[in-house]
Amino acid sequence: QVQLAESGGGLVQAGGSLRLSCAASGSISGIKTMAWYRQAPGKQRELVASITTGGRTNYADSVKGRFAISRDNAKNTVYLQMNSLKAEDTAVYLCKANSYVLTYWGQGTQVTVSS
């Protein structure tokens, strides 16, 4: 089993920045890709960014140039640096980790951007 613990969410004004962290614990040796998703009220969960063990990244078009995902394999932690935040970025942000056969989700952290 893998446990994921997100932190770093909060309330920020439009144009501001936040840095989210997701720390993995448990049976972490099998973790491959890690990712951040978000879900706003009344909307489907969507991929924000992902990163492989080798550092290859992928971003949603809506966050390209504003968000940056990174990973510290020694600390088993993935980060999401969010800059130039917009009201439409308001959502619960969830961390996901994939092994070869299983998918794990964190509980999520709320990000609220005031306009």
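Rules and cut-offs
Residues numbered from 1 in each chain as written. Predicted model: local features only at pLDDT ≥ 70, side-chain atom pairs only at ≥ 80, totals over all residues. Heavy atoms only, no water. Pairing = 2+ DSSP bridges. Helix = DSSP H or I, 4+ residues; strand = E, 2+ residues; numbered from the N terminus. Axes fitted to C-alpha atoms, helices over the stretch in contact; angles between N-to-C directions. Polar contact = N/O pair within 3.5 Å; in protein donor to acceptor, adjacent residues only side chain to side chain. Contact = heavy atoms within 4.5 Å. Buried < 20%, exposed > 50% of the residue type's maximum accessible area, 1.4 Å probe, protein only. Disulfide = S-S within 2.5 Å. Phe/Tyr/Trp six-rings, centres within 6.5 Å; stacked < 30°, edge-to-face > 60°. Lys NZ or Arg CZ within 6 Å of the ring centre and 35° of its normal. Patch = residues over 30% accessible without salt bridge, like charges linked within 9 Å, V, L, I, M, F, W, Y side chains within 5 Å. Areas by Shrake-Rupley, 256 points an atom, 1.4 Å probe, with all protein chains shown as cover. Salt bridge = Lys/Arg side-chain N within 4 Å of Asp/Glu carboxyl O.

Trainee: Which parts of the structure should I look at to understand the sheet that holds strand E7 (residues 67–72)?
Mentor: Where strands meet in a sheet, backbone hydrogen bonds hold them as pairs that are either parallel or antiparallel. Taken in spatial order, the four strands make up an open sheet running E1-E3-E8-E7, and their pairing is antiparallel. Edge strands, defined here as strands with exactly one partner in the open sheet, are strand E1 (2–7) and E7. Averaged over all neighbouring strand pairs, the angle between strand axes comes to 15°, with direction disregarded. Sheet topology note: the strand E3 (residues 18–26)/strand E8 (residues 77–82) ladder contains six bridges and is antiparallel. Each residue of the ladder has a partner; that of Leu 18, found in E8, is Met 82.

Trainee: What is the right way to look at the side chain of Asn 98 in this model?
Mentor: By the element assignment, Asn 98 lies in strand E9 (residues 91–98). A polar contact is formed between the side chain of Asn 98 and the side chain of Thr 103, at a distance of 2.8 Å. For Asn 98, the contacting residues outside a window of four places in its chain are Gly 30, Ile 31, Lys 32, Thr 33 and Thr 103.

Trainee: Would you mind showing me how to read the pairing of E1 here?
Mentor: Regular strands have side chains that alternate between both faces of the sheet. On E1, burial follows the alternation: Val 2, Leu 4 and Glu 6 on one face are buried, whereas Gln 3, Ala 5 and Ser 7 on the facing-out side are not. Summarising the sheet, E1 and E3 pair through six bridges and their orientation is antiparallel. Pairing of Gln 3 across the sheet is with Ser 25, part of E3.

Trainee: How should I be thinking about the state of the cysteines in this particular structure?
Mentor: Any covalent bond linking the sulfur atoms of two cysteines counts as a disulfide. The final tally for this structure, using the stated rule, is one disulfide. In this model Cys 22 forms its disulfide with Cys 95; the gap between the sulfur atoms is 2.1 Å. Here the disulfide of Cys 22 and Cys 95 is left-handed, its torsion about the S-S bond being about -85°. Of this pair, Cys 22 sits in strand E3 while Cys 95 sits in strand E9, placing them 73 residues apart in sequence. Of the residues examined, Cys 95 reaches a relative accessible area of 0% and is grouped as buried.

Trainee: Any chance you could explain the packing of aromatic side chains here in plain terms?
Mentor: If you walk through the whole model with that rule in mind, you get one aromatic pair. For the pair Tyr 37 and Trp 105, a centre-to-centre distance of 5.0 Å together with 70° between the ring planes defines the contact as edge-to-face. Pair noted here: Tyr 37 is in strand E4 (residues 34–39) and Trp 105 is in strand E10 (residues 103–105), with a separation of 68 residues, a long-range link. Overall, Tyr 37 belongs to the buried group, its relative accessible area being 16%. When the ring centre of Trp 105 is taken as origin, the NZ or CZ atom of Arg 45, which lies over that ring, is 4.5 Å away.

Trainee: Would you explain a nonpolar patch on the surface in this entry?
Mentor: Nonpolar side chains collect at one region of the surface, where Tyr 100, Val 101 and Leu 102 lie side by side and expose about 400 Å² of accessible area between them. Here Val 101 is to be found in the loop between E9 and E10. Assessed through its relative accessible area of 72%, Val 101 is described here as exposed.

Trainee: Could you clarify how one ought to interpret the pattern of salt bridges in this entry?
Mentor: When their charged atoms lie close together, side chains carrying opposite charge are able to pair. Tallied over the entire structure, the rule returns four salt bridges. Note that Glu 46 is salt-bridged to Arg 38, the shortest N-O span being 2.6 Å. By sharing partners, the salt bridges in this structure join Arg 38, Glu 46, Arg 66 and Asp 89 into a single network.

Geometric descriptors of this kind do not, in isolation, establish any biological role.
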